[in-house]
Amino acid sequence: MELTALPGSFRGELIRPGDPSYDEHRKVWNGSIDRSPTAIARCASTQEVVDAVGLARESGLRTAVRGGGHSFPGHSTCDDGIVIDLSKMKGIEVDPDGRTARVEAGVLLGELDAATQEHGLAVPAGIVTHTGLAGLTLGGGIGWLHRKYGLTVDQLISATMVTATGDLVRASDAENPELFWGLRGGGGNFGVVTEFEFRLNPLGPTVLAGPIFWLIEESPEVLRFYRDWIAEAPNELMTIVMHRKAPPLDFVPAELHGRLIVGVVCCWSGDLEEGERVIRPLREFGSAVLDLCEPKPFVEHQSMLDPSFPHGRWYYMRSCDVAELTDEVIDITVEHSMRIQSPLTSFPIWQLGGAISEVGDEDTAFDGRAVGHTFNITAVTEDEEGFEQERDWVRSFWSALEPFHQSVYVNFLMEEGQDRIREAYGPAKYERLRALKREYDPDNLFRLNQNIPPD
Ligand SMILES: Cc1cc2nc3c(=O)[nH]c(=O)nc-3n(C[C@H](O)[C@H](O)[C@H](O)COP(=O)(O)OP(=O)(O)OC[C@H]3O[C@@H](n4cnc5c(N)ncnc54)[C@H](O)[C@@H]3O)c2cc1C
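Residues numbered from 1 in each chain as written. Predicted model: local features only at pLDDT ≥ 70, side-chain atom pairs only at ≥ 80, totals over all residues. Heavy atoms only, no water.

> Is there a simple way to explain the site of the ligand in this structure?
Not every one of the 35 residues close to the ligand is listed here, only the nearest: Val65, Gly67, Ser76, Ile142 and Tyr409. Within the backbone of Leu136, a nitrogen or oxygen atom sits 3.3 Å from an oxygen atom of the ligand. Between an oxygen atom of the ligand and a side-chain N or O atom of Asn411, the distance comes to 3.1 Å. Burial of the ligand by the protein chains amounts to 96% of its free accessible area of 940 Å². (Near = heavy atom within 4 Å. Polar contact = N/O pair within 3.5 Å; in protein donor to acceptor, adjacent residues only side chain to side chain. Areas by Shrake-Rupley, 256 points an atom, 1.4 Å probe, with all protein chains shown as cover.)

> What's the story with the pairing of strand β4 (residues 81-85) in this structure? I'm lost.
Residues in a regular strand point their side chains to alternate faces of the sheet. Most of β4 sits inside the fold, with five of its five residues counted as buried. In terms of strand pairing, strand β2 (residues 39-42) meets β4 through four bridges, oriented parallel. Within β4, the residue paired with Ala41 across the bridge is Ile84. Bridging between strand β3 (residues 62-66) and β4 involves five bridges; their strand directions are parallel. Paired with Val65 across the two strands is Ile84, which belongs to β4. (Buried < 20%, exposed > 50% of the residue type's maximum accessible area, 1.4 Å probe, protein only. Helix = DSSP H or I, 4+ residues; strand = E, 2+ residues; numbered from the N terminus. Pairing = 2+ DSSP bridges.)

> Before we go on, may I ask you to explain the nonpolar core in this structure?
One broad rule of soluble globular proteins: the nonpolar side chains tend to lie buried together. Among the nonpolar cores identified, the biggest contains 74 residues, and Trp144, Trp229, Ile279 and Phe375 are the most heavily contacted of them. Residue contributions to this core peak at seven residues, all from strand β14 (residues 260-268). Filtering out sequence-adjacent residues up to four positions away, Phe375 remains in contact with Arg318, Ser319, Cys320, Val322, Leu325, Val329, Thr333, Phe347, Pro348, Ile349, Phe397 and Leu401. With 59 residues, the next largest nonpolar core counts Leu133, Leu136, Ala365 and Val408 among its residues. (Core = buried A, V, L, I, M, F, W, Y, C linked by side-chain atoms within 4.5 Å. Contact = heavy atoms within 4.5 Å.)

> Would you mind showing me how to read unusual backbone geometry here?
The phi angle of most residues is negative, glycine excepted, and most peptide bonds adopt the trans form. A cis geometry characterises the amide bond from Gly204 onward to Pro205, with omega recorded as 10 degrees. With respect to the helices and strands, the residue Pro205 is situated in the loop between β11 (201-202) and β12 (206-215). Despite not being glycine, Asn444 shows a phi value in the positive range, around 55 degrees. If you trace the backbone, Asn444 turns up in the segment after α12 (418-440).

> How do you make sense of the packing of helix α7 (residues 219-231) against helix α10 (residues 327-337) when you look at a structure like this?
Packed helices, taken two at a time, are described by the angle their axes make and the gap between the axes. Following both chains from N to C, one finds α7 and α10 inclined at 140 degrees, their axes separated by 10 Å at the closest point. Judged on the interaxial angle alone, α10 and α7 are oblique. Every pair of crossing elements has a handedness; the one defined by α7 and α10 is right-handed. Here α7 contributes Ser219, Pro220, Leu223, Arg224 and Arg227 to the contact with α10, which in turn contributes Asp327, Ile330, Asp331, Thr333 and Val334. Here the contact of α7 with α10 is composed, by residue class, of four nonpolar, two polar and four charged. (Axes fitted to C-alpha atoms, helices over the stretch in contact; angles between N-to-C directions. Parallel < 35°, antiparallel > 145°, perpendicular 65-115°, else oblique. Left-handed = near helix turned anticlockwise from the far one by under 90°. Nonpolar A, V, L, I, M, F, W, Y, C, P; charged D, E, K, R; others polar.)

> Could you clarify how one ought to interpret helix α11 (residues 387-400) in this entry?
Three- or four-residue spacings in an α-helix give side chains the same orientation, since the helix completes a turn every 3.6 residues. An ideal rise of 1.5 Å per residue puts 20 Å on 14 residues; α11 measures up with 20 Å between its terminal C-alpha atoms. Inspection of α11 places Phe387, Glu390, Trp393, Val394, Phe397 and Trp398 among the buried residues, and these make up the whole buried set. Down the axis of α11, the sector holding all buried residues measures 125 degrees, keeping them to one side. Taken together, the buried residues of α11 touch β17 (314-322), α10, β18 (346-351), β19 (373-381) and α12. (Expected span 1.5 Å × (residues − 1). Arc of directions from axis to C-beta.)

> What exactly am I supposed to notice about the packing of aromatic side chains here?
Following the criterion strictly, the structure yields 15 aromatic pairs and no others. Where Phe366 meets Tyr409, the ring centres are 5.8 Å apart and the plane angle is 65 degrees; that geometry is what we call edge-to-face. Within this pair, whereas Phe366 is found in the loop between β18 and β19, its partner Tyr409 is found in the loop between α11 and α12, the two being separated by 43 residues in sequence. Each member of the pair, Phe366 as well as Tyr409, carries the same accessibility label: buried. Where Phe375 meets Phe397, the ring centres are 6.2 Å apart and the plane angle is 80 degrees; that geometry is what we call edge-to-face. Taken together, the residues Phe375 in strand β19 and Phe397 in helix α11 connect sequence positions 22 residues apart. An aromatic cluster is defined as three or more aromatic residues linked by ring pairs; in this entry it consists of Trp29, Phe72, Phe309, Tyr315, Trp350, Phe366, Tyr409 and Phe412. If you follow Arg184 out to its NZ or CZ, it ends over the ring of Phe180, 3.9 Å from the centre. Sitting over the face of the ring of Tyr430, Arg422 holds its NZ or CZ atom 4.8 Å from the ring centroid. (Phe/Tyr/Trp six-rings, centres within 6.5 Å; stacked < 30°, edge-to-face > 60°. Lys NZ or Arg CZ within 6 Å of the ring centre and 35° of its normal.)

> Sorry, what's going on with the sheet that holds β3 here?
Hydrogen bonding along the main chain pairs the strands of a sheet, whether they run parallel or antiparallel. The sheet built from four strands is open, its strands ordered β1-β2-β4-β3 with mixed pairing. Among the strands making up the open sheet, the edge pair consists of β1 (13-15) and β3. Averaged over all adjacent pairs, the angle separating strand axes in this sheet is 20 degrees, with direction ignored. As judged from the three bridges shared by β1 and β2, these two strands associate in the antiparallel manner. Opposite Leu14, over in β2, you have Ala41 as the bridge partner. Sitting on the sheet, helix α2 (residues 46-59) touches β1, β2, β3 and β4, and the angle it makes with β4 is about 170 degrees.

Written out as structure tokens, the structure is:
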């Protein structure tokens, strides 16, 4: 559809094919996604979002909503449709005394951390600073602080949302509580959230954090030791296991470059001396080849993984939750990690539990609070070259873990079909979300997401 034919009263920045910045604005984080929307409505205010939703609805074109653009399967863009781009909505208001923050939908994790850490406060969120807060929050939000403080959605006090009909609604425990329940895990199914209000938690600003690495040959023993070590760990400790080829970076000894290694990345967010005591047995286990776990500002730790997941590379990911790292799960993990080909591939195995599991399972649409670990089996290549081979590796690794699959985190799904989305919520929550979808978006205008169809 030509621009001149687009209906509605959107007066904001509308970018379309042929505009000098079109290519820049149509890009999303995952370089393997290459789509060409009819128009990109770059909203700068809630009113512009209302108008953009009107434009999308009346045009009858497919509609994508974009926060940070980090959807693994590329849900925040589309061919021949409208992208409602929220990336200009950068407002952050921190109330350090009341320990709350109001945050607009275009804010990235690093921007929020910078604003809250100025006051020694934080919203627990994800582990890469250029991820969008909006998409992450609407799916749940796991990161370095979830064991101490819970998910990102567990900090949500209220959200403001534009519905498919262009109405503005607020959701909180007191207003539209069912919608509030659904927004805490149900993704972008119900409308466009323009603002989030979060509870803030004290943090640092110094944490004891960073990775400790061993050669992959030690991985079977390291993972077994790790499993037993974390069993008793306090909630202040959050860890991620990473397998990858050592990158050729200055702080990595040259003899390790390109060799397969296993790392345990720690983030201790309590008393630093106690953290040293807790982490020491891990440091001393086996023959670590590189130990970068040390006191540092939280914001520094928060950006540590940014260079491993930059915009524009080609990414493919399959995820699953497992209850525990049994010997079989460990053996499968090591066997497949040995087969990593790409020097850019690195995949996290997340430790969950702690404060996540202390919130009632029925309290939020997010499911899987009892999960032990989340696997994010991720293939990364610079571009198309080698991508297919690495993607096959992801699929075979994921399939090998199938007997141990428990559930899946909705923000870590690709385009995997309706059964997998149902799996992410479980049958009862899925039906409850469907009822909400019927109420707020009966025509499924917002369908470019992990979609819960109304009927
Ligand atoms: C490098 C990287 C690191 C990650 N790390 C973590 C992590 O540490 N923890 C974690 O929990 N997840 C993590 N994720 C997954 C992440 O939570 C999801 O990819 C999330 O969807 C990203 O949000 P976004 O706003 O950047 O994405 P977008 O691609 O902009 O949006 C993702 C989905 O959310 C919808 N959406 C976005 N904004 C809104 C809005 N305002 N209102 C309604 N719907 C909206 C979109 O329509 C789309 O369906 C990571 C992803 C990447 C790529």
